Amino acid sequence: MMIYKFFFKVINDEAENMDDDFESNYLHLINRYLLLLFFIFLFYSIFIITFFGDMFISIFLTVITFFWLFLMAMKGKTKRFRNVLKGTVIFIFVLLTFIVSFFNIYTYKNAGVEYFYFCLLFAVPFFLNYKKDAFAIFLITFMISINFIACLYFDFDFLPKSRYIEKEDFKTIKLLNILFSVASFLMDIVFITQKDALIHGLISDKKEKDSTIKDLVKTNTELMKHQMLINHLSEENIQEILNLAESNSPMFFEKFQVFFPHFIPDILKINPNLIHSELYFCALMKLDFDTKKIAQCTNNSIRAVESKKYRIRKKLNISSEININSFLIKI
């Protein structure tokens, strides 16, 4: 238990420093998965050398064991190495498929190694996304299927066979491989379930954030109308100025200053260097027009509007965390 806690603390230091909860939790899952693989392969290699004396298999499995340890220790595997991570995962799956095929031949096809093909298949959903990684999943499934069929129908006499395993040992090894494959299958199911729970949580959080944004937009709209009414504007006046803005009428800016006589002077108090086009944009944002609507009203591209809003934000010293429309509505 102490060893497990030590490993768990070491491999999760990076996750604690992440801002993204999903990314952090998913990294925890990956590290726990790799930790269990480390112990499984370590136990398996010790078992082989202890009971069968096959140094070749034991050394090979030990090398793979410390490969899982290397992956656990590798910091930033879901951030810095994101671009190559998918390719690495595919390569590892293909490599493990050939390793299973080799040991299936190495043990004369009598040791139950073929069960590990199914373990590999069940591990795929944990590391890859069915929608985004459809081609990768097809490739891995194809490789596993081809290897399984080839090992079933061909002898591969050119590959080396074990000289350490006696005929009476195969029942024990087969039972061991069945137990390990079942344990791996159950482990895959548990981790896939936890990954699905993380994804569902992420979807719920997104829906909640979307709902909050809609509420904020609605609140901004109500605040804008309330501000207009404070300025003794009737519903007809509000509709009039909105129509002038939407039709890009040359009368809009003049009418706006009549309805909001203090707005432009107050803006210029913050920064007197604002030019006419920037003040015009401020007037539109005061009416709570979003970027797309401003682009339509002024016959500009969305990118040009975003650039203009960015310059206005800088000139008015508005933090990036503050909604610029909300800031101007309150003036």
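Keep in mind the model is a prediction, meaning the values are calculated, not measured.

> Describe the overall build of the protein, naming the residues involved and giving the relevant values.
Each helix and strand in the protein was counted, giving 15 helices and zero strands. Residue burial in the protein is summarised as follows: out of 331 residues, 43% are buried. Taking the contacts inside the protein whose residues are at least 6 apart along the sequence as the reference set, 70% of them involve residues at least 24 apart. As displayed, the protein has an accessible area near 19800 Å², and 65% of this comes from carbon and sulfur atoms.

> Talk me through the nonpolar core; I want residue IDs and the actual numbers.
Formed by 47 residues in total, the largest nonpolar core has its most connected members in Tyr 33, Phe 93, Phe 126, Leu 128 and Ile 140. For this core, the secondary-structure elements that each account for two or more residues are α3 (21–51), α4 (55–73), α5 (82–106), α6 (115–127), α7 (134–153) and α8 (170–230). Here this core takes 11 residues from α5, the largest share from any one element. Filtering out sequence-adjacent residues up to four positions away, Ile 140 remains in contact with Ile 90, Phe 93, Val 124 and Leu 128. Counting residues in each nonpolar core, the second largest holds 32 residues, with Ile 241, Phe 252, Ala 283 and Met 285 among its members.

> Quick rundown of helix α14 (residues 302–315)? Include the residues and the values.
Over its 14 residues, α14 runs 20 Å from end to end, which matches the ideal 20 Å to within 8%, given 1.5 Å per residue. Among the residues of α14, Val 305, Lys 308, Lys 309, Ile 312 and Arg 313 are the ones counted as buried. Around the axis of α14, the buried residues are gathered within 140° of arc, so they sit on the same side. Away from its buried face, by an angle of more than 90 degrees, α14 presents the exposed residues Arg 303, Tyr 310 and Lys 314. Buried-residue contacts for α14 involve α12 (276–286), α13 (291–298) and α15 (324–329). Among the residues trailing α14, Asn 317 stands out with phi positive, at a value near 60°.

> Could you give an account of a nonpolar patch on the surface, naming the residues involved and the relevant values?
Together, Tyr 115, Phe 118, Leu 121, Phe 122 and Ile 189 line one region of the surface with nonpolar side chains, adding up to about 400 Å² of accessible area. With four residues, α6 is the largest single contributor of residues to the nonpolar patch. Following the sequence through the fold, Leu 121 ends up in helix α6.

> Residues and numbers for the pattern of salt bridges, please.
Counted according to the given criterion, the structure contains four salt bridges. A salt bridge links Lys 293 to Glu 246; the shortest N-O distance between them is 3.0 Å. Here the residue Lys 293 occupies a position in helix α13, and Glu 246 occupies one in helix α9 (residues 235–246), the gap between them amounting to 47 residues. A salt bridge links Glu 278 to Lys 315, with the nearest nitrogen and oxygen atoms 3.0 Å apart. Note that Glu 278 is positioned in helix α12 and Lys 315 in helix α14, a separation of 37 residues in sequence. Since its relative accessible area comes to 2%, Glu 278 is described here as buried.

> Let's hear about the environment of Ile 46: which residues, and what values?
Of note, Ile 46 is situated in helix α3. The spacing of Ile 46 and Leu 61 is 15 residues in sequence and 9.1 Å in space, taken between C-alpha atoms.

> Give me the packing of aromatic side chains: which residues, what numbers.
Considering all chains together, one arrives at 14 aromatic pairs under this definition. For the ring pair Tyr 108 and Phe 170, a centre distance of 6.1 Å and an interplane angle of 85° mean the geometry is edge-to-face. Remark: Phe 170 occurs in helix α8 and Tyr 108 occurs in the loop between α5 and α6; sequence separation between them is 62 residues. Taking relative accessible area as the criterion, Phe 170 reaches 12% and is therefore assigned buried. Counting every residue linked through ring pairs, the aromatic cluster contains Phe 252, Phe 253, Phe 256, Phe 260, Phe 263 and Tyr 280. Of note, Lys 293 hangs over the ring of Phe 289, and the distance from its end group to the ring centre comes to 4.5 Å.

> I'd like to hear about α12, residue by residue, with values.
Taken across its 11 residues, α12 has nine buried, putting it largely inside the fold. Among the residues of α12, Glu 278, Leu 279, Tyr 280, Phe 281, Cys 282, Ala 283, Leu 284, Met 285 and Lys 286 are the ones counted as buried. The first or second residue beyond α12 is Asp 288, which carries a positive phi of 65°.

About the thresholds
Residues numbered from 1 in each chain as written. Predicted model: local features only at pLDDT ≥ 70, side-chain atom pairs only at ≥ 80, totals over all residues. Heavy atoms only, no water. Helix = DSSP H or I, 4+ residues; strand = E, 2+ residues; numbered from the N terminus. Buried < 20%, exposed > 50% of the residue type's maximum accessible area, 1.4 Å probe, protein only. Contact = heavy atoms within 4.5 Å. Areas by Shrake-Rupley, 256 points an atom, 1.4 Å probe, with all protein chains shown as cover. Core = buried A, V, L, I, M, F, W, Y, C linked by side-chain atoms within 4.5 Å. Expected span 1.5 Å × (residues − 1). Arc of directions from axis to C-beta. Patch = residues over 30% accessible without salt bridge, like charges linked within 9 Å, V, L, I, M, F, W, Y side chains within 5 Å. Salt bridge = Lys/Arg side-chain N within 4 Å of Asp/Glu carboxyl O. Phe/Tyr/Trp six-rings, centres within 6.5 Å; stacked < 30°, edge-to-face > 60°. Lys NZ or Arg CZ within 6 Å of the ring centre and 35° of its normal.

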